[in-house]
Amino acid sequence: MAIDEIVDGLSEVSCDVLVIGGGTAGPMAALKAKLKNPKANVVLLEKANVKRSGAISMGMDGLNNAVIPGYATPEQYTKEITIANDGIVDQKAVYKYAQNCYKIIEELDSFGIRFLKNENGDYAVKKVHHIGTYVLPMPNGETVKKALYRQLRRARILISNRYMATRLLTSSDGRVAGAISVNTRTAEMLVIKAKAVILCMGAAGRLGLPTSGYMFGTYENAANSGDGYAMAYHAGAALANLECFQINPLIKDYNGPACAYVAGPFGAYTANNEDRRFIECDYWSGQMMLEFFNELQSGKGPVFLQLKHLHDKTIEEIEQTLHKVERPTRGLFQQGRGVDYRHESIEMHISEIGFCSGHSASGVFVDEFARTTVPGLYAAGDMASVPHNYMLGAFTNGSVAGADAMEFADNHDFAAFDAADVAAERERVMAPTKRQDGIPPNQIEYKTRRLVNDYLQPPKVTRKYELGARRLAEVRQDAKERMIARNAHELLRALEAQSILDCADMAVHASLYRQESRWGLYHLRTDYPEKDNENWFCHTLLSKQNGHMVSEKREVEPYVVPIADEEKDLYDKQRIAVGA
Ligand SMILES: Cc1cc2nc3c(=O)[nH]c(=O)nc-3n(C[C@H](O)[C@H](O)[C@H](O)COP(=O)(O)OP(=O)(O)OC[C@H]3O[C@@H](n4cnc5c(N)ncnc54)[C@H](O)[C@@H]3O)c2cc1C
């Protein structure tokens, strides 16, 4: 049998806790669930291979948001993240993260993942954020995935690689009952019954098209095509603040971060074409991105990361991290271009849009226990709504989700689902394989993402969004009636293309609903250019109700850590005055 030949089969298994997505949050969730009840069955389902999957597959430069005693307090961190998010934060979840993350750092340290320490043996944390100090470098960050994988093997977690989850199963009273998946090498379908399910499927990283034009040249791990967002939506879970897009400042044509988080503490900074620094703080926020965008619009672009003023030895030290740990291809890329940081600044640009709470705030709505609005269903990492989560947030909230989900599973039996739901999903999944001729998935995906760039990239214009919605509906029709998959690999792509379309529709709906501008460039609406706290100081929750997409307001929970009036707008004051 050829590796990608389609096999039309269906089988069923069951487990206590099913974790979907074996990147960062998923392995930690599976581990903690298993440790909570070693007798229980925990399955970790992954579309790729857990050994090298997800955003941390090649490694990580450091922890972007470590709350380490002596450097920062949970209260201070909670305040910073609240201000960075224009106040739209349920603080309980952020505060809980801030209280728990130090324990997780120590645990990761015990796994063999090393963090930078000073001569006294204390963690050497660096300042990148506007207010506090939270960045902890990882000199051997390329080992992170291997170290994690060893723990999974030791705990005897059942790992199912090369299974792509497509839909969740729910009972008639709305409880989660399991998930449906497809083998990405054979197309055989597998139903996994579970008492609790944890979604850890990362960002929606293939929503916009990178300016390089390469479909997989995304900032995010390209396997993260928004399946988690789509699955949560179809299961009836609420998704929060999807209009708060992810947009990042990246290396032009490379689509990885220039990495002011690594180079900034050594004295590097973001500069315009006059070599002038124009923003106070290189920490990524909507307001920072707006200043970046304004600089490009003003004719002062391109924007650069400037290192050439630094000492040769300092640059060498920065290169050690940037060219070896997170993305080893970066050194080769710069070499190919003949860019030596000693003489030339690093050209940057604005990334494609996506959904990601890791860097912004959009995600499946969760509380401080990682519970979604569907009983028994959890979410953690980049796809859950806890803002500015990053890698340590994925580990910490993954750990919270794992423990709580196991408790749920211990106290509930399997929920019953309707066999007709499985049959309907089987028909949807296999439909592209039944056609003899039609449009290949890469064309459906390319067109969707080109339209996303044309119509949805901020600044957001209502008329453009309305036109975008019509064009996307036409692509959806094509996908439904004419898309073909000639082998199992194309079938995977066909399913991903449908998730991307779902995410694009949600981006339109959520953006049109919030009639104000907020989060800097992330939700800049030209028809409503001002922030409107009177009407829109709230979350927006999007969900599927009676088969339709609906958006609603939800109050921000009372703050645990109060924010003084004079602190609220600190992140709005990013621009360095000319002549300063
Ligand atoms: C380029 C880059 C640099 C970064 N640098 C830093 C840094 O220096 N410091 C820091 O703190 N953070 C950093 N981050 C952020 C951090 O890596 C992420 O926030 C974190 O890893 C997200 O974890 P996750 O588990 O949510 O997603 P991921 O780790 O991406 O895992 C998602 C997993 O889900 C799987 N999956 C997706 N769909 C399906 C499906 N349908 N079925 C089954 N499996 C599926 C994917 O294959 C993947 O393995 C960076 C992120 C990127 C992209």
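Rules used in this analysis
All residue numbers refer to position in the chain's written sequence, counted from 1. Two thresholds apply to this predicted model, a pLDDT of at least 70 for residue-level local features and 80 or more for giving and counting side-chain atom pairs, whereas whole-chain, interface and lining totals are computed over all residues. For the side-chain quantities, the full set of heavy atoms in the structure was used; hydrogens and water were omitted. A molecule or strand has a residue near it when one of that residue's heavy atoms lies within 4 Å. Polar contacts, as used here, are pairs of N or O atoms within 3.5 Å; protein pairs need one atom able to donate a hydrogen and one able to accept it. Residues neighboring in sequence count only if both atoms are side-chain atoms. Accessibility throughout is a Shrake-Rupley quantity obtained with a 1.4 Å probe, and a residue counts as covered only by protein chains that appear here. The helix and strand labels rest on DSSP assignments: H or I over at least four residues marks a helix, E over at least two residues marks a strand, and numbering proceeds from the N terminus. Only protein chains enter the accessibility calculation, which uses a 1.4 Å probe. A residue is then buried if its area is under 20% of the maximum for its type, exposed if over 50%, and partly exposed in between. Whether two strands pair depends on DSSP finding at least two bridges between them. Lines fitted to C-alpha atoms define the axes, with helix axes restricted to the stretch in contact, and inter-axis angles between N-to-C directions lie between 0 and 180 degrees. Just so you know how the angles are binned, under 35 degrees is roughly parallel, over 145 roughly antiparallel, 65 to 115 roughly perpendicular, and the rest oblique. Here a crossing is taken to be left-handed if its near helix is turned anticlockwise relative to the far helix by less than a right angle, and right-handed if that turn runs clockwise. In what follows, residue pairs with any heavy atoms lying within 4.5 Å of each other are defined as contacts.

K.L.:
What is the right way to read the site of the ligand from this model?
P.N.:
Around the ligand lies a shell of 38 residues, among which Thr24, Glu46, Gly62, Asn224 and Asp382 are the nearest. The separation between an oxygen atom of the ligand and a polar side-chain atom of Glu46 is 2.6 Å. In this structure, Asn224 approaches the ligand through a side-chain N or O atom, which is 2.8 Å from an oxygen atom. Bound to the protein, the ligand loses 98% of the 1000 Å² it would expose on its own. For the shell around the ligand, the elements supplying multiple residues, two or more each, are strand S3 (62-63), strand S6 (163-170) and helix H10 (390-411).

K.L.:
Explanation requested: the pairing of strand S13 (residues 346-350) in the structure shown.
P.N.:
Consecutive side chains of a regular strand alternate in pointing toward one face of the sheet and then the other. In terms of burial, S13 is largely enclosed, as 4 of its 5 residues are buried. With 3 bridges connecting them, strand S12 (residues 303-306) and S13 associate as antiparallel partners. Looking across to S13, one finds that Val303 is bridged to Met348.

K.L.:
In this structure, what is going on with the packing of helix H5 (residues 227-234) against helix H14 (residues 488-513)? I would like to understand it.
P.N.:
Viewed as axis vectors pointing N to C, H5 and H14 meet at an angle of 70°, and their least axial separation amounts to 8 Å. Relative to H14, the element H5 is oriented roughly perpendicular. Between H5 and H14 lies a crossing whose hand is left-handed. Contact residues: Asp227, Tyr229, Ala230, Tyr233 and His234 in H5; Glu496, Ser499, Asp502, Cys503 and Met506 in H14.

K.L.:
What am I meant to see in the pairing of strand S8 (residues 189-199) here?
P.N.:
Counted residue by residue, S8 has 10 buried out of 11 residues, so it is predominantly covered. Strand direction decides the pairing type here: strand S1 (residues 10-20) and S8, joined by 10 bridges, are parallel. Bridged to Val17 within S8 is Ala196. As judged from the 5 bridges shared by strand S7 (residues 176-183) and S8, these two strands associate in the antiparallel manner. Its bridge partner lying in S8, Ile180 is registered against Val191. Turn length for the S7-S8 hairpin, with the two strands adjacent in sequence and antiparallel, is 5 residues, and the turn residue Ala187 shows positive phi of about 75°.

K.L.:
What is the right way to read the environment of Ala494 from this model?
P.N.:
Summarising the element assignment, Ala494 is placed in helix H14. Among the residues examined, Ala494 registers a relative accessible area of 0% and is labelled buried. In this structure, the C-alpha to C-alpha distance between Ala494 and Ala263, residues 231 residues apart in sequence, is 40 Å. The residues contacting Ala494, other than those within four sequence positions of it, are Pro432, Pro441 and Met483.

K.L.:
Before we go on, may I ask you to explain the sheet that holds strand S10 (residues 249-251) in this structure?
P.N.:
Either a parallel or an antiparallel arrangement is found when strands of a sheet pair, and the pairing is made through backbone hydrogen bonds. The strand order S10-S13-S12-S11 describes an open sheet built from 4 strands, whose pairing is antiparallel. Of all strands in the sheet, those bounded by a partner on one side alone are S10 and strand S11 (269-271). Going across the sheet, the axis of each strand differs from the next one's by a mean of 40°, ignoring polarity. Where S10 lies against S13, 3 bridges are found, and the strand directions are antiparallel. The residue of S13 that forms the bridge with Pro249 is Ile350. Packing of helix H7 (residues 286-297) onto the sheet brings it into contact with S10, S12 and S13, and relative to S13 it is tilted by some 105°.

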